[in-house]
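Breakdown of the fold
Spelled out from the first residue to the last, the chains are:
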Amino acid sequence: MARKPGPPGRATYDAAPNIALVKYWGMRDPVLGLPYNSSLSVTLDRFRTRTSVRFDPELVSDRFVLNGIDTGGRPLESVHRFLDRVREMAGTRSAAEVESTNNFPTASGLASSASGFAALAGASTAAAGLELSPRALSRLARLGSGSASRSVFGGFVEWQAGRAADGHDCYARPLHGPEHWPELVDIVAIVGRAPEKEVRSTEAMQSTVATSPDYRSRIDSVPDRLATIRRAISQRNAPRLFHAVIEECDDFRRVCETTVPTLDYLTPTSRAVLATIRELNCESGRPVAAYTHDAGAHVHVFTLSKDASRIRRRLEDVAGITRLLTLHPGPDGRLVRGPGGAPATR
Ligand code: PMV
């Protein structure tokens, strides 16, 4: 599709959030954002972050407008630090104006940092005149937020932890595009009165590494579980996938809950959703759905489209859910508008 050329120094990029089926939780190198384990996620449709970046030598400092609001504090600091890396790569000292909008609630536990930093990586590099391969873009996005490395790609994505100390082998790669399994549905239960995150994920996960007695055994068990989940996706084997996704989510929650001080992201409503899915699977005599959640209270329920309305009806009976959204595997990140018609980065 033809892309509209924009003025030099300016570019716009769209990226979608993702939900991890195998979680990233804990970094072996917090400066370079290198994780202990590989992770696997589904990029979602319907939701996106759209970010425009404009480098301007006349600007005194970076500016960050999020959902129409001039934003300072920590979010601006993270954007500034990220742009410093892009400036270093591009050999420029210009400050930038960043405008970002989410078509879903920001910081609602719907992974706005994943789509946010993937979109910032795509827009800022294109605006600076850099042409990065998708793999290099994923590596760069990782430095803003680990899960952002996966949002560069659509469909089913694996972020390989790598082994190298400099992180050159630590990036995400697409396993299958969204068309691989369109019958797979993610019903997101938006939970009312979800508490604001007290500790940022990057800090919380390092506290798990340092204090949870179960962390070591988690790291030992993830590779096998990841292989099972990767195979179940490739064979479109729903019962096997749902069983393994529940096991992985429970393991992730266990290391959070055994962290000192404990990390408890769920509300009674979130827990009621988990119980409903366990009941449904028990009644059906096989796994017909899986639940998973990130470091937040909302719960993603995976099922097949043929079972989706039955499962939605059961979830409608859970008190405290404010909305049920039905999502599917979604698209790659994409450059919407590049500077002066320069070639696309992907
Ligand atoms: O990428 P971060 O720093 O927002 O951490 C993401 C952590 C989880 O969402 C809990 C797991 C994951 O792999 O997305």
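For the structure given in this document, a descriptive report is provided here. Quick caveat, the model's predicted, so the values are computed rather than measured. (Residues numbered from 1 in each chain as written. Predicted model: local features only at pLDDT ≥ 70, side-chain atom pairs only at ≥ 80, totals over all residues. Heavy atoms only, no water.)

**Examining the sheet that holds strand β12 (residues 171-176)**
Pairing is antiparallel across the open sheet formed by four strands, whose spatial order is β3-β6-β11-β12. Of all the strands in the sheet, the pair left with one neighbour each is β3 (18-22) and β12. Averaged over all pairs of adjacent strands, the angle between their axes in this sheet comes to 30°, without regard to strand direction. Where strand β11 (residues 156-160) meets β12, five bridges bridge the pair, whose relative direction is antiparallel. The partner of tryptophan 159 across the bridge, within β12, is alanine 172. (Pairing = 2+ DSSP bridges. Helix = DSSP H or I, 4+ residues; strand = E, 2+ residues; numbered from the N terminus. Axes fitted to C-alpha atoms, helices over the stretch in contact; angles between N-to-C directions.)

**Structural notes on the packing of aromatic side chains**
In this structure the tally under the stated criterion is five aromatic pairs. With a centroid separation of 6.3 Å and 85° between ring planes, the pair formed by tryptophan 25 and tyrosine 265 is classed as edge-to-face. On the criterion of sequence distance, the pair formed by tryptophan 25 in the loop between β3 and β4 (27-29) and tyrosine 265 in the loop between α7 (238-257) and α8 (268-284) is long-range, its members being 240 residues apart. A relative accessible area of 3% places tryptophan 25 in the buried class. With a centroid separation of 5.9 Å and an interplanar angle of 70°, the aromatic rings of tyrosine 36 and tyrosine 215 are classed as edge-to-face. One end of the pair, tyrosine 36, is in the loop between β5 (34-35) and β6 (39-43); the other, tyrosine 215, is in helix α6 (residues 215-234), and 179 residues separate them in sequence. Under the relative-accessibility criterion, tyrosine 36 is labelled partly exposed at 38%. The lysine or arginine in question, lysine 23, covers the ring of phenylalanine 252, its NZ or CZ lying 5.8 Å from the ring centre. (Phe/Tyr/Trp six-rings, centres within 6.5 Å; stacked < 30°, edge-to-face > 60°. Buried < 20%, exposed > 50% of the residue type's maximum accessible area, 1.4 Å probe, protein only. Lys NZ or Arg CZ within 6 Å of the ring centre and 35° of its normal.)

**With respect to the site of the ligand**
Taken together, 15 residues form the shell around the ligand, and within it Tyr24, Ser145, Ser147, Arg150 and Asp294 come nearest. Here an oxygen atom of the ligand and a side-chain polar atom of serine 145 are 2.9 Å apart. Taking glycine 146, its main chain carries an N or O atom lying 3.3 Å from an oxygen atom of the ligand. Relative to its free-state accessible area of 380 Å², the ligand is covered by the protein chains to the extent of 93%. Take the shell around the ligand: its biggest share by element is three residues, from helix α5 (residues 201-211). (Near = heavy atom within 4 Å. Polar contact = N/O pair within 3.5 Å; in protein donor to acceptor, adjacent residues only side chain to side chain. Areas by Shrake-Rupley, 256 points an atom, 1.4 Å probe, with all protein chains shown as cover.)

Remember, this is a structural readout, not a statement about activity or role.
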